Amino acid sequence: MKPRMTGLANMQKRAFAANQQSVGVIDKWVAEIARGAGLDDRTAFAARLCIAELANNVIQHGLVTPDDQITVTIHPSRERLDIEFQDTARAFDPTSVSGRPAHSEAYEGGRGLMLIKSYASDLRYWHDGRFNHVKLTFQSDDRD
Amino acid sequence: MEIFISELGDAAKKVVLVGKLDIDGAAAIESRLANLASAKDNIVIDMSKVAFIASIGLRHLVMTAKAVARNAGKMLLLDPNPLVTEVLEISGLQGILPIVRSEQEALAALRK
């Protein structure tokens, strides 16, 4: 079942080509919305990092073609972002990956999904038969 | 991402990274880091002006550190900000990418 989104009045949605050039554009957009929602620096950083990791994963491992797209929907509310990341890459469930480092320190790759699981307050995945959907929540806390 | 290279006394090459170490940033520094790592020098990477790091940036740092170690050198990260430090810690990379907080601390670590 799809998780319910909140803050529909402020919802922002954009589609991007699934290529390297889009990653920086997506990052600037997420950072701007995070600032507007009043997220603390760490939570804003967490949101940017997780979306960058999802985008990188699609571009590097998703077997995408020039026609593939990434669609990001952001629901900002007070000190919180709910983000849905949708892509047309091959089906892949990031929640199925361990949240701990699975390799020795000398291993050169494979840390992106572990970072997503560490930084997102909530992480859900579903596939609708055509698209991957990842829903992430970032909530400012009082750790600072 | 910008990269500036200088000498840290006669102990190491000092590499200052400025900007975001994301997929674009990693691509921008890849060849220069690889060249440095093959030169049999110690390397101190000043991370204080790196505002953002993603796993692909970690990957390039680990690759460089491994190449330096193969030449019996050491690589240190100088003063990453708290957000970048947390990424390094969560990733469990404190051993292969040790952090120092000053050039003096870097020089002392390189003398060990």
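See the structure shown above.
Residues numbered from 1 in each chain as written. Chains lettered and ligands numbered in written order. Predicted model: local features only at pLDDT ≥ 70, side-chain atom pairs only at ≥ 80, totals over all residues. Heavy atoms only, no water.

Caption draft 1: Layout of the overall build of chain B. For chain B, the helix and strand inventory stands at four helices and five strands. Starting at the N terminus and ending at the C terminus, chain B contains elements arranged as β-β-α-β-α-β-α-β-α. Expected size for 112 residues packed as a compact globule is a radius of gyration near 13 Å; at 12 Å, chain B falls within 12% of this value. Over its C-alpha atoms, taken along the principal directions, chain B stretches across nearly 30 × 25 × 20 Å. (Helix = DSSP H or I, 4+ residues; strand = E, 2+ residues; numbered from the N terminus. Rg over C-alpha atoms; globule rule 2.2 N^0.38 Å.)

Caption draft 2: Representation of the pattern of salt bridges. Here the structure, examined in full by the defined rule, presents ten salt bridges over all chains. Between Arg80 of chain A and Asp82 of chain A there is a salt bridge, and its shortest N-O distance comes to 2.8 Å. Note that Asp82 of chain A and Lys135 of chain A form a salt bridge whose closest N and O atoms lie 3.2 Å from each other. In this pair, Asp82 of chain A sits in strand β3 (residues 80–87) while Lys135 of chain A sits in strand β5 (residues 132–139), placing the two residues 53 residues apart along the sequence. An identical accessibility class is assigned to Asp82 of chain A and Lys135 of chain A; each is buried. Via salt bridges that share partners, Asp27 and Arg48 of chain A together with Lys20 and Asp22 of chain B belong to a single interconnected network. (Salt bridge = Lys/Arg side-chain N within 4 Å of Asp/Glu carboxyl O. Buried < 20%, exposed > 50% of the residue type's maximum accessible area, 1.4 Å probe, protein only.)

Caption draft 3: The arrangement of the pairing of strand β3 (residues 43–53) of chain B in detail. All names here are of chain B. β3 sits mainly inside the fold: eight of its eleven residues count as buried. Note: strand β2 (residues 12–21) against β3, eight bridges, orientation parallel. Along β3, the bridge assignment pairs Val16 with Asp46. Assessed by its sense of winding, the connection that carries the chain from β2 through helix α1 (residues 23–37) to β3 is right-handed. Where β3 meets strand β4 (residues 75–78), four bridges bridge the pair, whose relative direction is parallel. (Pairing = 2+ DSSP bridges. Right-handed = clockwise from strand over helix to strand, strands pointing away.)

Caption draft 4: Highlighting the packing of aromatic side chains. Across all of its chains, the model carries two aromatic pairs over all chains by this definition. For the ring pair Phe45 of chain A and Phe52 of chain B, a centre distance of 5.3 Å and an interplane angle of 55° mean the geometry is tilted. Pair noted here: Phe45 of chain A is in helix α2 (residues 41–61) and Phe52 of chain B is in strand β3, and the two residues belong to different chains. A relative accessible area of 2% places Phe45 of chain A in the buried class. Taking NZ or CZ as reference, Arg14 of chain A lies 5.4 Å from the ring centre of Trp29 of chain A, over its face. (Phe/Tyr/Trp six-rings, centres within 6.5 Å; stacked < 30°, edge-to-face > 60°. Lys NZ or Arg CZ within 6 Å of the ring centre and 35° of its normal.)

Caption draft 5: Seen up close, the interface of chain B and chain A. At the junction of the two partners, chain B supplies 25 residues and chain A supplies 26 residues. Summed over both partners, the interface of chain B with chain A comes to about 2200 Å²; 59% of that surface belongs to carbon and sulfur atoms. Looking only at chain B, the three residues that lose the most surface to chain A are Ile23, Phe52 and Ile90 of chain B, adding up to 26% of its buried area. At the junction of chain B with chain A, the criterion picks out two salt bridges. Salt-bridge contacts for Arg42 of chain A lead to Glu86 of chain B; the nearest nitrogen and oxygen are separated by 2.6 Å. Put simply, chain B and chain A have five residue pairs in polar contact (both at pLDDT 80 or more) between them. (Contact = heavy atoms within 4.5 Å. Buried area = accessible area lost by both parts, 1.4 Å probe. Polar contact = N/O pair within 3.5 Å; in protein donor to acceptor, adjacent residues only side chain to side chain.)

Caption draft 6: Summary view of the nonpolar core. In this structure, Leu136 of chain A together with Ile45, Met47 and Leu97 of chain B are the most contacted members of the largest nonpolar core, which totals 71 residues. Broken down by element, this core gets its largest block of residues, twelve residues, from α2 of chain A. The next biggest cluster of nonpolar side chains, apart from the first, holds nine residues, and it includes Leu8, Leu78, Ala106 and Leu110 of chain B. (Core = buried A, V, L, I, M, F, W, Y, C linked by side-chain atoms within 4.5 Å.)

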